[in-house]
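Listed below are the residues making up each chain.
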Amino acid sequence: MKTKNISEFIAFNIFRLLSLIIVLVLVAILSFIVVRGVKVISWEFITSMPKEGMTQGGIFPAIVGTLCLVTGSMVFAFPLGVLSGIYMNEYMRATWFKKFMKLMTNNLAGVPSIVFGLFGMSLFVNTLGFGDSILAGSLTLGLLSLPVIIRTTEEALKGIDNTYREGSYALGATKLQTIRRVILPMAYPNIITGFILSVGRVSGETAPILFTVAAYFLPKLPSGVFDQVMALPYHLYVITTSGTNVETSRGMAYGTALVLIIMVLVLNISATLIRKKLNKKMKAN
Amino acid sequence: MKKIFEKAAHAVLFTSSTVSIITVLLIILFLFREGVGLFGKKPIEDGQVLLVNKLNPVSKLTSDELKNIFDQEYTNWRKVGGTNDSILLFRIDDIFNYYTEEELAGIDTNIQLLNEKVSELVGKQIGMVAFISKTQLVLNNKVKIIEVEPVSVSGFFGGELWFPTSQPAAQFGVLPLLLGTLWVSLLAILIALPFGLATAVYMAEIARPSVRSMLKPVVELLAGIPSVVYGFFGLIVIVPLVQQLFNLPVGETGLAGSIVLAIMALPTIITVAEDSIRNTPRSMKEASLALGATHWQTIYRVIIPYASSGITAAVILGIGRAIGETMAVLMVTGNAAIIPHTILQPMRTIPATIAAELGEAAKGGMHYKALFALGCILFLITMLVNITVEFISGGKRIKR
């Protein structure tokens, strides 16, 4: 073998090895939590209240809390984000203002989630007087996903070739008709993928809900939007770090982590499936 | 009819994007309004004053000096530019050390008497500094109030002490937090970089499509796992590992945080770098191969140099992600707000500080404002990261 082939051989195998290590890291994290969490998870674990200082019982209120927060944030952020994305990509002319908006949404998409927590606390909890509540938490989480949804929508729309728009106009369709009948159906799978990934992100976020909604221990279900709730990620955080029962509640922690991971897995897999379907459809066209 | 619908749709779309714009601006407004409020205010608790003898030439103290005085690090007024007198600390409970029970008779009901006694005492003792509440204040001609220097921008960024709840004056020195954040994030990137870049190159150039389609979900899953789960994993696996490996008293160190952050920053680095590597024009690659270069030579002589701006963007975005990460870091770095000397000691980052302390900070108080100022720093760092990436990529679309 020539020297340049040897160096290629070595380099490629190093790359292969390093990539393999990343896969192994993921496998290690997942299997670590799955193996220990499976022993804890049961129907009872998912559907009952926490007991004995959160060392026994289940995580039902945390699951309900997270569902409330995800629903609340998406009700707020998804329509607003998609409509804004459509406006910015289809209607807004390319001025300095559009550039500024783009910079701002890009910026906001990268802002650490704890900063959203600060803002949510300052505006929703204190200034508007919602207190620690589902409403305040949902709005904060909604704001967190708003820039992401706007951007995925814009990207989805931008990916559609202009010939489709022009073809539609040439047939006498109005702008609204073009968007509704031609553009949106094509962008739809990408927008939905973005939506699912946002749900995944929102359901796992802890920092924004620390000071806007999350309750340490609240063994009852919320009765309105002004109630506090427990949430899965925050629950995992508190039972692993604070309290006197850190060791005895380990089992609960594994179970909670597993539920979180399963949620993320399901969401990610469905997003991947939708994207695959889209790719096939695009190829068929 | 059609026209009305068009108009209505336009109006709805316009409104929603206006709402989005307004919320974006509101975030900036609220963050900075609270954060900027920290500066120019005195770091002494509301309603408290410091009383000294009028003959004492010192009229102004910084909060660092105050801390040293009340920690009894400084025992002589010379240290803070005064006369050669020893410092006598006085808190309201100390009154019984100076007066007899008879002299203080009826003091429980007669606040006025207590107040007069305090001022009388300070007037007699040249070296005394009394930390009392404003309601206890009776000024006579032998005492004066000592001023506390307000929080300044340079004091905030250059201060080496972060004691936001210390009495009588809080210390808001952001340096230990800033350094902690930088140490943890930069080491995280150093760890993540070889793995991230190798995987990006492997996925984009070397791997067969079937292998690539297996690696892609792996990266997506790594990005999707909630940070609190990483924190949990770090706390149970990585922290004890670090502790055993380096034989440390505690495993919650900057290094443990860096390792967890490295895993978390990987997806960002891989996605952005792979994207830019794949964007290398096919013609350049083929030209290199046609000249007889091997695939490897093409990769490191043609493709990587071409994609270098994208790779730099990937690194910067990775750093940005690491700097802003909150929960995982909060759970594994040990959170000691001291200036770090080695990576093997507990550290505290800016986001972790906000998460750990905001719950205890009184709304609208100095501590609360200081945490918002930290939020502003994070926001500015993010902005810097984004603008840099925009600048480096030079208008090329960077997918994040």
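Computed from a prediction, not measured in an experiment: that's the story for all the values here.

Trainee: A description of the overall build of chain A should follow, citing residues and the corresponding values.
Mentor: Per the secondary structure count, chain A includes 10 helices and 2 strands. The linear arrangement of helices and strands in chain A, starting from the amino end, is α-α-β-β-α-α-α-α-α-α-α-α. With respect to the principal axes defined by its C-alpha atoms, chain A has extents near 70 × 70 × 35 Å. The buried share of chain A, reckoned over its 285 residues, is 53%. For chain A, long-range pairs separated by at least 24 residues make up 74% of all intrachain contacts whose partners lie at least 6 apart in sequence. Entry remark: accessible area of chain A is about 12,800 Å², with carbon and sulfur atoms responsible for 67%. Averaging the locations of the 25 positively and 12 negatively charged side chains of chain A gives two centres separated by 10 Å.

Trainee: Explain the overall build of chain B residue by residue, including any values.
Mentor: Counting its regular elements, chain B contains 15 helices and 8 strands. Since a compact globule built from 400 residues should have a radius of gyration of about 21 Å, the 30 Å found for chain B marks it as more spread out than a globular shape. Pairs at least 24 residues apart make up 69% of the contacts formed inside chain B by residues separated by at least 6 positions. For chain B, the exposed area adds up to about 17,800 Å²; of that, 60% sits on carbon and sulfur atoms.

Trainee: Summarise helix H2 (residues 63–70) of chain B; cite the residues concerned and give the values.
Mentor: Residue and element names in this part refer to chain B. Burial analysis of H2 places 6 of its 8 residues in the buried class, the great majority of the element. Residues of H2 that are buried include every one of Ser 63, Leu 66, Lys 67, Asn 68, Ile 69 and Phe 70, and no others. A positive phi of about 60 degrees marks Gln 72, the residue just after H2.

Trainee: Would you mind going over the layout of surface pockets in detail, with residue names and values included?
Mentor: Residues and elements named next belong to chain B. Space inside the second largest pocket adds up to approximately 620 Å³. If you trace the second largest pocket, you find 31 residues lining it, with Lys 42, Ile 44, Glu 45, Asp 46 and Met 366 closest to the centre. For the lining of the second largest pocket, the secondary-structure elements that each account for two or more residues are strand E1 (48–53), strand E6 (147–148) and helix H15 (366–393). Per-element tally for the lining of the second largest pocket: the top contributor is H15, with 4 residues. Residues of the lining of the second largest pocket, tallied by class, amount to 15 nonpolar, 8 polar and 8 charged. Viewed by domain, the lining of the second largest pocket spans two of them, domain 2 (48–152) and domain 3 (175–393), each represented by three or more residues.

Trainee: Kindly report on the nonpolar core, identifying the contributing residues and their values.
Mentor: Counting 181 residues, the largest nonpolar core has A:Tyr237, B:Phe156, B:Phe172, B:Tyr230 and B:Leu374 as the members making the most contacts within it. Take this core: its biggest share by element is 14 residues, from helix H9 (residues 254–278) of chain B. The contact partners of B:Leu374, leaving out residues within four places of it in the chain, are B:Phe156, B:Trp162, B:Val174, B:Leu177, B:Ile350, B:Thr353 and B:Ile354. Membership of the second largest hydrophobic core comes to 17 residues, among which are B:Val80, B:Leu89, B:Val129 and B:Phe131.

Trainee: Got a sec to walk through the interface of chain A and chain B? Specific residues and values, please.
Mentor: Taken residue by residue, the interface counts 77 residues in chain A and 77 residues in chain B. Here chain A and chain B share an interface that buries about 7,200 Å² over both sides, 79% of which is from carbon and sulfur atoms. Here chain A and chain B share 0 salt bridges between them. Counting the contacts that link chain A with chain B gives 10 residue pairs in polar contact (both at pLDDT 80 or more). Of all elements in the fold, only helix H1 (3–38), helix H3 (60–91), helix H4 (96–110), helix H5 (113–127), helix H6 (134–158), helix H8 (175–204), helix H9 (232–241) and helix H10 (250–284) of chain A reach the threshold of two or more residues within the side of chain A that touches chain B. For the side of chain A that touches chain B, the leading source of residues is H1(A), giving 20 residues. Classifying every residue of the side of chain A that touches chain B by side-chain character gives 51 nonpolar, 18 polar and 8 charged.

Trainee: Describe empty space enclosed by the protein, listing the residues and the values that go with them.
Mentor: Residues and elements named next belong to chain A. Inspection of the entire model under this criterion finds 4 cavities of 30 Å³ or more. Here the second largest cavity is characterised by a volume of approximately 40 Å³. As for the second largest cavity, its lining consists of Thr 66, Leu 69, Val 70, Leu 141, Val 202, Ser 203, Glu 205, Ile 209, Ala 231 and Pro 233. Going through the elements one at a time, H3 and H8 are the ones with two or more residues in the lining of the second largest cavity. Ranked by residues supplied to the lining of the second largest cavity, first place goes to H3 with 3 residues. Its residues assigned to classes, the lining of the second largest cavity shows 7 nonpolar, 2 polar and 1 charged.

Trainee: Could you give me a rundown of the domain arrangement of chain B, with the residues and numbers involved?
Mentor: Residue and element names in this part refer to chain B. With domains assigned, chain B is organised as domain 1 (1–36), domain 2 (48–152) and domain 3 (175–393). Domain 1 and domain 3 are separated by 33 Å when their C-alpha centres are compared. Carbon and sulfur atoms supply 82% of the area buried between domain 1 and domain 3, which totals about 660 Å² over both sides. Sorting the residues of domain 1 by area buried against domain 3 places Leu 31, Phe 32 and Glu 34 first, and these three jointly supply 73% of that buried surface. At the surface where domain 1 touches domain 3, the tally comes to 0 residue pairs in polar contact (both at pLDDT 80 or more). Each residue belonging to the side of domain 1 that touches domain 3 can be placed in one class, and the counts come to 4 nonpolar, 1 polar and 1 charged.

Trainee: Could you give an account of the side chain of B:Glu205, with specific residues and numbers?
Mentor: Residues and elements named next belong to chain B. Of note, Glu 205 is situated in helix H6 (residues 175–206). A relative accessible area of 12% means that Glu 205 is categorised as buried. Here the side chain of Glu 205 touches Lys 285 through a polar contact of 3.4 Å, side chain to side chain. Residues contacting Glu 205, with those up to four places away along its chain left out, are Ile 277, Lys 285, His 295, Ile 299 and Ile 303.

Trainee: Which residues make up the pattern of salt bridges, and what values go with them?
Mentor: All names here are of chain B. Inspection of the entire model under this criterion finds 9 salt bridges over all chains. Glu 286 is the partner of Arg 282 in a salt bridge, and the nearest nitrogen-oxygen pair spans 2.8 Å. Taken together, the residues Arg 282 and Glu 286, both in helix H10 (residues 282–290) and 4 residues apart, mark about one turn of the helix. Residue classification places Arg 282 among the exposed residues on the basis of a relative accessible area of 62%. Linked through salt bridges whose partners overlap, the residues forming this network are Arg 212, Glu 274 and Arg 278.

Trainee: Mind laying out the pairing of E1(B), listing which residues take part and the relevant values?
Mentor: All names here are of chain B. Most of E1 is tucked away, with 5 of its 6 residues classed as buried. Examined bridge by bridge, E1 and strand E4 (residues 128–133) share 5 bridges and lie antiparallel to one another. Pairing of Leu 50 across the sheet is with Phe 131, part of E4. Here 3 bridges tie E1 to strand E5 (residues 143–145), and the two strands are oriented antiparallel to one another. Each residue of the ladder has a partner; that of Val 52, found in E5, is Lys 144.

How each quantity is defined
Residues numbered from 1 in each chain as written. Chains lettered and ligands numbered in written order. Predicted model: local features only at pLDDT ≥ 70, side-chain atom pairs only at ≥ 80, totals over all residues. Heavy atoms only, no water. Helix = DSSP H or I, 4+ residues; strand = E, 2+ residues; numbered from the N terminus. Buried < 20%, exposed > 50% of the residue type's maximum accessible area, 1.4 Å probe, protein only. Contact = heavy atoms within 4.5 Å. Areas by Shrake-Rupley, 256 points an atom, 1.4 Å probe, with all protein chains shown as cover. Lys, Arg positive; Asp, Glu negative; His and termini not counted. Charge placed at Lys NZ, Arg CZ, Asp CG, Glu CD. Rg over C-alpha atoms; globule rule 2.2 N^0.38 Å. 1 Å grid on protein atoms, 1.4 Å probe; cavity = no way out; pocket = protein on both sides within 12 Å on 5 of 7 lines; lining within 4 Å. Points joined across faces, edges and corners; volume = space filled by probe spheres on them. Nonpolar A, V, L, I, M, F, W, Y, C, P; charged D, E, K, R; others polar. Domains from an automatic or database assignment. Core = buried A, V, L, I, M, F, W, Y, C linked by side-chain atoms within 4.5 Å. Buried area = accessible area lost by both parts, 1.4 Å probe. Salt bridge = Lys/Arg side-chain N within 4 Å of Asp/Glu carboxyl O. Polar contact = N/O pair within 3.5 Å; in protein donor to acceptor, adjacent residues only side chain to side chain. Pairing = 2+ DSSP bridges.

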